[in-house]
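Observations on chain architecture
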Amino acid sequence: MSSIHSDAPAQRLRSILAGATSMTLRTTDQRAELVGRHRLDGHGQVRIDLPADSRLAADITRQGEVTAIIELTDLVPTPVRDRVRGRGTLSGWLTPAALGEAGPVGDLRVVLDLANAEFSADGVSATIDPAAFAAAEPDPLAADEADLLCHLDRHHPRTIERLFRLIDPHHRYGVQRVVPVRLDRHGLVLRLERVRGHRDVRLGFATTLRHQDELGRSMAALLANSAGCPHRLR
């Protein structure tokens, strides 16, 4: 495993956390699947709301801190094979949030004091320095990517067909199905499914998005480019 100083792995991991609805939390002797109980603040700190009557909450309250590992899996939100896009882990110490920062009634809010983070995708793993993780900004579409992709897949088949025309003809041959599988500040990724196997192809935006409000204009520009491409998906 290599140490990578680029901010790309840190941003990817921050984006996964921003878009994830669930995570696995492990301590020395406990394991919990948490759904809808975490958030990432502007400083890159992970905050988790634990049931106040849980054993883990009791341990943290009694000991002051508990060593913990958070595991996340980045999944394609649309229905395709091979859905795993990446995996991330964050390890450190869970401590009670500062006085005055109360969680929902019946919960104990805790904060992860990050010691180490790792991100892996496409067979490559990277370690992430806590300072780099804190400084990285999540992708502006991360929190809404799943909803946007599922809406495009379910309700706009003609739009997908038009986008398919932008792909190199060499890659369009034999394609049975086209599914959007990633949407980020750089563009849209389409999965081209064949009888055997698949290929992911990125359609890049003309400019990198700085805010979600710029998405509509960038998608319109892609669709405008497809107007002169007559090939249809059969």
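Everything discussed here concerns the structure shown above.
A brief look at the structure comes next. (Residues numbered from 1 in each chain as written. Predicted model: local features only at pLDDT ≥ 70, side-chain atom pairs only at ≥ 80, totals over all residues. Heavy atoms only, no water.)

This brings us to the overall build of the protein chain. When helices and strands are counted, the protein chain shows 7 helices and 12 strands. Projected onto its principal axes, the C-alpha positions of the protein chain cover 65 × 35 × 35 Å. The 234 residues of the protein chain split such that 41% are buried. Here the contacts in the protein chain between residues at least 6 apart in sequence split such that 57% fall between residues at least 24 apart. Accessible surface computed for the protein chain: about 12,900 Å², of which carbon and sulfur atoms make up 50%. (Helix = DSSP H or I, 4+ residues; strand = E, 2+ residues; numbered from the N terminus. Buried < 20%, exposed > 50% of the residue type's maximum accessible area, 1.4 Å probe, protein only. Contact = heavy atoms within 4.5 Å. Areas by Shrake-Rupley, 256 points an atom, 1.4 Å probe, with all protein chains shown as cover.)

What follows covers the packing of helix α4 (residues 145–155) against helix α5 (residues 157–164). Packing of α4 against α5 leaves a shortest axis separation of 6 Å and a crossing angle of 95 degrees. Comparing their axes, α5 and α4 come out roughly perpendicular. Residues Leu152, Asp153 and His155 of α4 pack against Pro157, Thr159 and Ile160 of α5. Grouping the amino acids of the contact of α4 with α5 by side-chain chemistry returns 3 nonpolar, 2 polar and 1 charged. (Axes fitted to C-alpha atoms, helices over the stretch in contact; angles between N-to-C directions. Parallel < 35°, antiparallel > 145°, perpendicular 65-115°, else oblique. Nonpolar A, V, L, I, M, F, W, Y, C, P; charged D, E, K, R; others polar.)

Below, the discussion takes up the packing of α5 against helix α7 (residues 215–225). At a closest axis distance of 8 Å, the pairing of α5 and α7 adopts a crossing angle of 60 degrees. Between α5 and α7, the crossing angle belongs to the class labelled oblique. Considering how the two elements wind past one another, α5 and α7 form a crossing that is left-handed. Taking contact as the criterion, the partners of Thr159, Arg162 and Leu163 in α5 are, on α7, Met219, Leu222, Leu223 and Ala224. (Left-handed = near helix turned anticlockwise from the far one by under 90°.)

This brings us to the nonpolar core. Judged by nonpolar contacts, the single largest core of 29 residues is most densely connected at Ile48, Leu50, Ile70, Leu90 and Leu94. At the level of secondary structure, the elements contributing two or more residues to this core comprise α1 (8–19), β2 (22–26), β5 (46–51), α2 (55–63), β6 (66–75), β7 (84–96) and β8 (107–121). Sorting elements by how many residues they give to this core places β8 first, with 7 residues. With sequence-adjacent residues up to four places away left out, Ile70 is seen in contact with Met23, Thr24, Leu25, Val46, Ile48, Gly88, Thr89, Leu90 and Leu112. If you look at the next biggest cluster of nonpolar residues, it comprises 21 residues, including Leu149, Leu203, Leu209 and Met219. (Core = buried A, V, L, I, M, F, W, Y, C linked by side-chain atoms within 4.5 Å.)

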